[in-house]
Structure formats: structure tokens, C-alpha cells
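# Breakdown of the fold
Here's the letter readout for the chains.
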Amino acid sequence: MKANKILYLLFATSLFMQSCDKFEYNHYQVDLSDEYMNINQQNINQLRNSGSDTIKLALIGDSQRFYEGASKAVDRINQIRDIDFIIHTGDLVDFGTQKEYKLIHDVLKQLNAPYITVIGNHDLIGNGSKVFREMYGPYDFTFMFKGYKFIYLNTNAREFNFSPNVPDISWLDKQLADTSSYKQAIIVNHVPFNNDDFNPALRDDYYNTINKYPKTLISINGHNHNYVFTPSMMGSVPFLNTSSPKNGEFIILKIWEDQFTHRFVNE
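Now for a quick tour of the structure. Residue positions are given per chain, counting from 1 as you read along its sequence in written order. Totals for whole chains, interfaces and linings use all residues, but because this is a predicted model, local features are given only for residues with pLDDT of at least 70 and pairs of side-chain atoms are given and counted only at 80 or more. Only hydrogens and water are set aside; all other atoms, that is, all heavy atoms of the structure, feed into the side-chain values.

Time to look at the sheet that holds strand β3 (residues 115–117). Any two strands are treated as partners once DSSP identifies two or more bridges connecting them. For the purposes of this entry, the term helix denotes a DSSP run of H or I that reaches at least four residues, the term strand denotes a run of E that reaches at least two, and both are numbered from the N terminus. Taken in spatial order, the 5 strands of this open sheet run β3-β2-β1-β10-β11, and their pairing is mixed. Of all the strands in the sheet, just β3 and β11 (259–265) have a single pairing partner and so form its edges. Each neighbouring strand pair of the sheet contributes to a mean axis angle of 25°, computed without reference to strand direction. The pairing of strand β1 (residues 55–60) with strand β2 (residues 85–88) spans 4 bridges and is classified as parallel. Bridging across to β2, I60 finds its partner in H88. The axes used here are C-alpha line fits, helices contributing only the stretch in contact, and every angle between their N-to-C directions lies in the interval 0 to 180 degrees.

Right, here's the structure in full:
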């Protein structure tokens with residue numbers, strides 16, 4: 001009788017373990033429905049020209065695990081009229097898991113306007129590189145809006161062992177070269193060029209490339225988790241670093257002709 005009880009317990013335990021295996025979450029899985037695939041292109045396709053020559057953007061970045069703060073930023077951005085779209089400067093997630101990616105998208109999809117993101121260094125951790133490609137698309141891409149060219153560039157050099165192709169300066173140069181095809185260019189990346197995580201061998205090349213062409217309006221970055229604006233000096237391209245939305249912070253950027261203004265919103 002005692003042996004039968006032991007066998008029963010072993011059998012029950014085996015069934016329980018098998019049941020658990022069926023429901024165990026695999027951090028390396030990529031299994032997405034259409035809603036969670038190719039989000040950047042889906043959102044680019046939603047962009048609409050309001051008829052005004054002015055572009056009005058909200059900028060956020062480094063949302064990572066700040067779900068409450070990101071939700072607060074979303075609510076506050078939604079209260080502002082005439083936002084054309086939202087730029088996210090990368091580090092959507094912290095550890096690169098599909099679960100994190102879906103959680104932050106479920107927050108950001110509550111925005112009244114589309115959001116378009118560049119890849120951040122934390123987005124590449126673990127299986128994150130694969131999840132990002134499936135959910136958002138290429139690391140480097142461009143799109144046009146109201147005649148302005150938005151250039152999204154992967155600058156996360158450390159995660160690529162400081163490869164000579166990260167950032168891809170040759171690709172960036174080609175995007176900027178035909179200045180007759182756009183009014184102004186806006187460059188979006190995660191790691192700023194003066195940060196230790198930027199490829200030091202390409203730092204001067206990046207700076208010289210964006211300043212070589214007269215229609216590069218601004219370079220927008222994230223990574224540092226704090227708002228910093230570096231104005232133009234002697235005609236150089238200005239830099240704008242976004243804050244994390246830990247406490248609901250974001251930036252409003254207005255662009256018209258060859259000018260822009262911005263406002264940091266933190267309360």
C-alpha cells in the first residue's frame with residue numbers, strides 16, 4: 001500500500017511537470033501575430049499629411065521597464081493636438097525578450113499618432129535582435145514625410161563588437177548625398193556619437209558625414225536617459241538627446257522650412 005502511494009505521487013508529480021512544461025515561457029522564442037510584426041512600416045503607412053508645412057513630433061526613448069512612466073507619457077502626449085508622429089530613440093526594452101517587446105508595444109499603441117523607433121543597445125540583448133527585426137523591421141531605414149527625410153541609423157557599436165560597419169557610414173552618406181530629393185534631413189539613432197558605446201574609430205566619420213551636407217537639420221539620440229540639447233556651433237549640426245519616460249517626460253519638436261524649436265515636458 002505504501003509503495004502504491006509512492007508510485008501515485010511520482011505519477012502525479014510527472015503529470016504536473018509535463019503540464020508546467022507546456023506553459024513554461026521561453027525567453028528566446030519569437031512567435032508573433034500580425035499585430036506585432038513590421039510595426040515601423042505599418043506606422044509609416046499610417047502617416048498623414050495634415051496640409052500644414054509644419055511637422056509636430058513627440059520624442060521619447062529608453063522606455064525599458066518604465067511601463068508606468070511610459071504610460072503617463074502616452075497620456076500626456078495624447079492631450080497635445082496635431083502630433084504627426086512619435087519618434088522613439090531606442091531601448092524599448094531592457095533584456096530583449098519578446099514578452100517585454102509586446103508589453104511596451106501594448107503601451108505605445110495607445111498613442112493617438114503612430115510611433116516609429118530606432119534600435120537601442122538593450123533591444124539587442126539575448127534574442128532581442130531577432131525579435132526587433134520581426135516586430136519592427138530593419139535596423140537602418142529611411143522614410144519621407146512632408147518632403148523631409150528621416151534617417152534611422154543603428155549606432156549600437158558595442159553590441160556588434162565595434163564592427164567597422166556599425167554605424168554604416170557609407171549607407172548614411174548615400175542617404176544624405178542627394179540633397180535635391182529632400183527639404184531637410186533628420187537623423188535618429190540611439191547611442192550619441194560622443195558616447196563610449198559609439199564606435200570610436202567611426203566617431204569623426206559620423207560627425208563629418210552629417211556636417212558635409214547642408215540640409216542635415218538635427219541629430220536626435222537617446223541612451224543617456226536625460227534631456228540634453230547641444231546647439232549648432234559654427235554651422236554644425238545640433239544634437240538633441242531624449243530623456244527616458246521614467247516620470248512621464250518627453251520632448252515636443254516642431255520643424256518648418258530649415259528651422260526647428262523644441263520643448264522639454266517634464267511636469
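Whether a residue is buried, partly exposed or exposed follows from its accessible area with a 1.4 Å probe, protein chains only, as a fraction of its type maximum: under 20%, in between, or over 50%, in that order. With respect to burial, strand β6 (residues 185–189) is a largely interior element, 5 of its 5 residues being buried. Judged by which residues are buried, β6 turns out to be covered on both faces: A185, I187 and N189 on one side and I186 and V188 on the other are all buried. In the sheet, strand β5 (residues 148–153) pairs with β6 via 5 bridges, with the strands oriented parallel. The partner of Y152 across the bridge, within β6, is V188.

In this section: the nonpolar core. In this structure, I77, I86, L92, Y101, L108, M135 and Y136 are the most contacted members of the largest nonpolar core, which totals 30 residues. Every element with two or more residues in this core is listed here: β1, α3 (67–77), α4 (98–108), α5 (128–135) and β10 (250–256). Of all hydrophobic cores here, the second largest spans 25 residues; its members include I116, L217, L240 and I255. Side-chain atoms within 4.5 Å are what join buried Ala, Val, Leu, Ile, Met, Phe, Trp, Tyr and Cys residues into a set we call a nonpolar core.

Along α3, the residues classified as buried are G69, A70, A73, V74, R76 and I77. Looking straight down α3, one finds that the buried residues subtend no more than 165° of arc, so they occupy a single side. Looking at the buried positions of α3, the neighbouring elements they touch are β1, β2, α4, β10 and β11. The directions considered for the arc are those from the helix axis to the C-beta atoms. Whether two residues are in contact is decided by their heavy atoms: any pair within 4.5 Å suffices.

Our next topic: helix α7 (residues 203–212). Restricting attention to buried positions, one finds in α7 the residues Y206, T209 and I210. The arc that holds every buried residue of α7, seen down its axis, measures 90°, which confines them to one face. At its buried positions, α7 is contacted by β5, α6 (169–177), β6, β7 (216–221) and β9 (239–241).

This part takes up the packing of aromatic side chains. For this analysis, a ring pair means two rings from Phe, Tyr or Trp (six-membered ring only for Trp) whose centres lie within 6.5 Å, classed as stacked if their planes differ by under 30 degrees, edge-to-face if by over 60, and tilted for the remaining angles. One pass over the structure, following the stated rule, counts 17 aromatic pairs. Seen from their ring centres, F85 and F150 are 5.2 Å apart, and the 75° between their planes marks the pair as edge-to-face. Within this pair, whereas F85 is found in strand β2, its partner F150 is found in strand β5, the two being separated by 65 residues in sequence. Relative accessible area serves as the criterion here: at 0%, F85 is assigned to the buried category. For F150, a relative accessible area of 0% puts it in the buried group. Their ring planes at 45° and their centres at 6.3 Å tell us that Y101 and Y136 sit as a pair that is tilted.

Moving on to the pattern of salt bridges. A carboxyl oxygen of Asp or Glu within 4 Å of a side-chain nitrogen of Lys or Arg is what we treat as a salt bridge. Throughout the structure, instances matching the rule amount to 6 salt bridges. Put simply, D94 and R65 hold a salt bridge, and the shortest N to O gap is 2.7 Å. In this pair, D94 sits in the loop between β2 and α4 while R65 sits in the loop between β1 and α3, placing the two residues 29 residues apart along the sequence. Given a relative accessible area of 51%, R65 falls into the exposed group.

Before going further, it helps to examine the sheet that holds β5. The 6 strands are arranged β4-β5-β6-β7-β9-β8 in an open sheet whose pairing can be described as mixed. Of all strands in the sheet, those bounded by a partner on one side alone are β4 (141–145) and β8 (228–230). The sheet shows a mean angle of 15° between the axes of neighbouring strands, direction not considered.

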